[in-house]
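# Summary of structural features
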Amino acid sequence: LGIHALLIATVTLSPVTAAAWSENKVPGEDEYPPLWDLAPENLLDFPVKDNKIVINAWNYHERLGVYKSLLNSSAKYFSAFGPQNTGNILWGLALQHGWQFRTGRLADPSGVTSCGYEDGDLLCQSVRSWWSSMNYYLAVIPFLGAVEAGLFGQLPFEVEILPPEEQRDDFCYSVADCWSRMPKLMDDWKAFFEVNNAVNPATFSSLKLDNALGLMWKAHLTSIAYSLPKFQNRLKYLSDPEANFAEDWSNAVDFLGATHFHTDLPNTNKFQAFLPPRMLVEGDALPSISDFSPQQNKVLVSLRALHKANKLTGGLLLKSWQKAMSTEAGRKIGRKLIESLTSS
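Residues numbered from 1 in each chain as written. Predicted model: local features only at pLDDT ≥ 70, side-chain atom pairs only at ≥ 80, totals over all residues. Heavy atoms only, no water.

In this section: the overall build of the chain. For the chain, the helix and strand inventory stands at 14 helices and three strands. Within the chain, the proportion of its 344 residues that are buried is 55%. For the chain, restricting intrachain contacts to residue pairs at least 6 apart in sequence, the fraction spanning at least 24 positions comes to 73%. Here the chain has roughly 15,000 Å² of accessible surface; of this, 55% comes from carbon and sulfur atoms. (Helix = DSSP H or I, 4+ residues; strand = E, 2+ residues; numbered from the N terminus. Buried < 20%, exposed > 50% of the residue type's maximum accessible area, 1.4 Å probe, protein only. Contact = heavy atoms within 4.5 Å. Areas by Shrake-Rupley, 256 points an atom, 1.4 Å probe, with all protein chains shown as cover.)

In structure tokens, the structure reads:
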């Protein structure tokens, strides 16, 4: 069953699709998330109030600053893997967030508020947004794990995250709060940053990079597994096609993570260029959404087929894939398969 299941996965991400994907190239101006140059550079660029660094994670600009501070503070560990910090594996998180903002996925999908819209507060991230709520666990939790691990050194102030206007109990807001409420998540993210913090950047080898990727993906997938059932109720605000895509994407990330996919700047950009350029709406029918490229339609079909196949096998497809990816040699093959989808 394992070999058969892996063949299904291989067909789902087929070379035919790969050839089509390679026709597109990421434009230079889209290499960084929107408004990247304007985001806070480090923690002391955020407001300080009552001896606390205060971050509004429900503002795109400030959540982006959380990613920027993580990337800047961890840059020394990844200098051997690309110039100007392009080899940093935390780019995957920041670029995903930028794609969500660019495509309108962080705005209020319920229509109750103008949060995230041009006629309201464009930089507002809605707590009703499934994407924004899920992303909180891939932004604030890693960030607070990094604070606890000492990535930013000895900070002169505590860090406090401002709560949203509603659904406050769905989130945590400080290192102590998050440790008490979701210790497993904090532990996994802290472990990732601690390992990097403990090594000499000058001797950070490809073997250690695979180890760092393994820890990062472990924490990443733990965050998704924890938040997915928590925010199931947010899917009701989305169109059926968008809700299906959201769940298909969550499933696909499990397959991606098993390969220790290199989430650096160039790799993530190439891979992400084929995701939907806008929210899916009622009437969008695969594989012929007229304002999507043929490649974008094919990717959506592939993600849907992969999710269906995994459900039909009761999750055995993913387990078989994870088993095949359990060695460094296996992961290298898995990455080659995925990277071939975006290579020229």
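What follows picks up the thread again.
The next point concerns helix α3 (residues 60-74). Each α-helix winds once per 3.6 residues, and so residues spaced three or four apart point in a common direction. Taking 1.5 Å per residue as the helical rise, α3 with its 15 residues ought to reach 21 Å, and the 21 Å between its terminal C-alpha atoms agrees with that figure. The element α3 is largely enclosed, with a buried count of twelve among its 15 residues. Looking at the packing, one finds that the buried side of α3 touches β2 (52-55), α4 (91-102), α5 (130-136), α6 (140-149) and α8 (183-198). Sitting at the amino-terminal end of α3 is Asn 59, which places a side-chain oxygen 2.9 Å from the backbone nitrogen of His 61. (Expected span 1.5 Å × (residues − 1). Polar contact = N/O pair within 3.5 Å; in protein donor to acceptor, adjacent residues only side chain to side chain.)

Residues at a pLDDT of 70 or more form 89% of the chain, whose mean pLDDT is 89. Here residues 1-8 scores under 50 on pLDDT; set against residues more than four positions off or in separate chains, the count is eleven contacts. Below pLDDT 50 for its whole length, residues 10-27 participates in 28 contacts with residues either more than four positions away or in separate chains. (pLDDT = per-residue confidence, 0-100.)

As a further point, take the side chain of Ser 126. Positionally, Ser 126 belongs in the loop between α4 and α5. Given a relative accessible area of 4%, Ser 126 falls into the buried group. Engagement of the side chain of Ser 126 in a polar contact is seen with the backbone nitrogen of Arg 128, the distance being 3.0 Å.

With that out of the way, let us pick up the state of the cysteines. In a disulfide, the sulfur atoms of two cysteines are covalently bonded to one another. For the structure on display, the rule yields two disulfides. The disulfide partner of Cys 172 is Cys 178, and the S-S distance across this bridge is 1.9 Å. The sign of the 95° torsion about the S-S bond sets the Cys 172-Cys 178 disulfide as right-handed. Across the pair, Cys 178 and Cys 172 agree in class, each one buried. Along the chain, the cysteines that take part in disulfide bonds pair up as 1-2, 3-4, counted in sequence order. (Disulfide = S-S within 2.5 Å.)

It is worth spelling out unusual backbone geometry at this point. Backbone torsion omega between Leu 286 and Pro 287 reads 5°, so that peptide bond is classified as cis. Within the secondary structure, Pro 287 sits in the loop between α11 (265-272) and α12 (294-312). Of note, Asp 50 is a non-glycine position whose phi angle comes to about 50°, a positive value. Within the secondary structure, Asp 50 sits in the loop between β1 (48-49) and β2. Overall, Asp 50 belongs to the exposed group, its relative accessible area being 66%.

Within the secondary structure, Gln 232 sits in the loop between α9 (206-230) and α10 (240-258). Take Gln 232: its relative accessible area is 39%, and that puts it in the partly exposed class.

Throughout the structure, instances matching the rule amount to 22 aromatic pairs. Their ring planes at 75° and their centres at 5.0 Å tell us that Trp 58 and Phe 171 sit as a pair that is edge-to-face. With Trp 58 in the loop between β2 and α3 and Phe 171 in the loop between β3 (158-161) and α7 (175-181), this residue pair connects regions lying 113 residues apart in the sequence. According to the relative accessible area criterion, Trp 58 is buried, its value standing at 7%. Relative to Phe 271, the ring of Trp 249 lies with its centre 6.4 Å away and its plane at 35°, an arrangement referred to as tilted. Within this pair, whereas Trp 249 is found in helix α10, its partner Phe 271 is found in helix α11, the two being separated by 22 residues in sequence. Over the ring of Trp 58 we find Arg 63; its NZ or CZ atom is 5.0 Å from the centre of that ring. (Phe/Tyr/Trp six-rings, centres within 6.5 Å; stacked < 30°, edge-to-face > 60°. Lys NZ or Arg CZ within 6 Å of the ring centre and 35° of its normal.)

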